[in-house]
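Next come the chains, spelled out residue by residue.
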Amino acid sequence: MTNFEVIMIGSPCIDEYYTLDSPLAMGEKALGAFINNKIGGMISNAAAVIASYGVRTALIDTMNHSNNSNLLIDEMKKLCVDTSMVSYDEGLTDVKCLIFLYKGERSIVVVKNNKTHLAFTPHQEQRIMEAKALYSTIYEMELYDDAPLLLKKARERDVEIVFDVEQGSLSRNKSDFKYLNNASIIFINEGGCDALVSYYGSTVFERIIENGTIIVKTRGAKGCSVMCKDEEDFVSPAFPVERIDTTGAGDTFNSSFLYGILQKWSLKECARFANGAAGRAITFLGAQSGACGLESVKVFIESFNMKEQRKEVRYEKVFYCCIGFDLVCC
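Residues numbered from 1 in each chain as written. Predicted model: local features only at pLDDT ≥ 70, side-chain atom pairs only at ≥ 80, totals over all residues. Heavy atoms only, no water.

This part takes up the overall build of the chain. Of the regular secondary structure elements, the chain holds eleven helices and 15 strands. For 330 residues, the compact-globule estimate of 2.2 N^0.38 gives 20 Å, and the C-alpha radius of gyration of the chain, at 21 Å, lies within 12% of that figure. Seen along its three principal axes, the alpha-carbon backbone of the chain occupies a region of about 85 × 50 × 45 Å. For the chain, the residues scored as buried account for 48% of the 330 residues in total. Put simply, of all contacts in the chain between residues at least 6 apart along the chain, 70% involve residues at least 24 apart. Total accessible area on the chain is roughly 16,600 Å²; 53% of this is exposed by carbon and sulfur atoms. (Helix = DSSP H or I, 4+ residues; strand = E, 2+ residues; numbered from the N terminus. Rg over C-alpha atoms; globule rule 2.2 N^0.38 Å. Buried < 20%, exposed > 50% of the residue type's maximum accessible area, 1.4 Å probe, protein only. Contact = heavy atoms within 4.5 Å. Areas by Shrake-Rupley, 256 points an atom, 1.4 Å probe, with all protein chains shown as cover.)

Okay, here's the thing in structure tokens:
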């Protein structure tokens, strides 16, 4: 029986892509065109990326047996994500995302299904306890009635509990802390940061860090900032690239950072690698374009390292050239 290093809990889905002639605004119309469908879903995107790095990864979810669901399961298997712990309920509807692209940015509408009051099976619980990390969102974990107790037990077993926190995934009440207080790592975007402060006050991050949680704030083109109890806060810059599709960039970043944690890299090394993986991913169309394998990310990062070195050499030549002249003050 294979032990999984990472357990991902959440729904894969079909991403329907459209281009827009103007940005979306409430109450307004926008012309657009259908591009195509891609495999997506926040959790399955992250699962596909970390599995492509050679990490033994399994997905837990409850789905139906529709054509779309069967397609998603087949694609997850092709991406080396184990789906043997997926449960089925024919009363559920499909999950899908509508993604609207405009000048390198996107708006997303998530069409949820009707999952509720789920419970982990003894087999699923056992595999979670044996894993190195569990990755999910608060929204997905809230669907499981026994999630808070399971997370407490997993943390006691030194399982890394990792949450991707966005504004839409918060419950807006103190039940969020049943999950946040058990987290080893929290990835949170700028919208999620604003929401947490709005719901729980300006000291919310200090409260979370006091539990020993690492907070990684993703900031798009500005890179990321990392906060933790035992090290000095730092900022890691993004890689400047031409953006094609930013969908799934956060998922790629998060699972790449987690990969570094599992390899026992320093936090700065994790951040640099994750920024590189996300930077490469957004130069392609599709949320799972980050599932490219370890070597592709390393090559991408090394190409930027070489560019930076060439710039430094040019600056040194200019500097030495300048100091070779006498300065005359008039």
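In a regular helix each residue adds 1.5 Å, so twelve residues correspond to 16 Å; helix α2 (residues 67–78) covers 17 Å between its end C-alpha atoms and thus fits that length. Among all positions of α2, only S69, L72, I73 and M76 are buried. Burial along α2 is one-sided: seen end-on, the buried residues are contained in an arc of 100°. Seen from the open side of α2, the exposed residues pointing more than 90 degrees away from its buried face are N67 and K78. (Expected span 1.5 Å × (residues − 1). Arc of directions from axis to C-beta.)

The next subject is the sheet that holds strand β14 (residues 224–227). The sheet built from nine strands is open, its strands ordered β6-β4-β1-β10-β11-β12-β13-β14-β15 with mixed pairing. On the outer flanks of this sheet lie β6 (81–82) and β15 (234–236), each paired with one strand and no other. Relative to strand β12 (residues 185–189), helix α7 (residues 190–200) is tilted by about 105°, and along the sheet it contacts β11 (160–165), β12 and β13 (214–218). Against the sheet, helix α10 (residues 267–281) makes contact with β13, β14 and β15, and its axis sits at roughly 25° relative to β15, the strand it touches most. (Pairing = 2+ DSSP bridges. Axes fitted to C-alpha atoms, helices over the stretch in contact; angles between N-to-C directions.)

Turning next to the pattern of salt bridges. Evaluation of the coordinates by the stated rule reveals eleven salt bridges. A salt bridge links K153 to E125; the shortest N-O distance between them is 2.4 Å. Within this pair, whereas K153 is found in helix α5 (residues 147–156), its partner E125 is found in helix α3 (residues 122–130), the two being separated by 28 residues in sequence. Residue E125 is classed as partly exposed on the basis of its relative accessible area, which comes to 21%. For the salt bridge of E156 with K152, the shortest nitrogen-to-oxygen distance reads 2.8 Å. (Salt bridge = Lys/Arg side-chain N within 4 Å of Asp/Glu carboxyl O.)

Here the structure, examined in full by the defined rule, presents 17 aromatic pairs. Between the aromatic rings of F177 and Y200, the centroid separation amounts to 4.8 Å while the plane-to-plane angle is 80°, which identifies the pairing as edge-to-face. Of this pair, F177 sits in helix α6 (residues 177–180) while Y200 is found in helix α7, placing the two residues 23 residues apart along the sequence. Relative accessible area serves as the criterion here: at 14%, Y200 is assigned to the buried category. Ring geometry for F187 and F253: centres 6.2 Å apart, planes at 85°, overall edge-to-face. (Phe/Tyr/Trp six-rings, centres within 6.5 Å; stacked < 30°, edge-to-face > 60°.)

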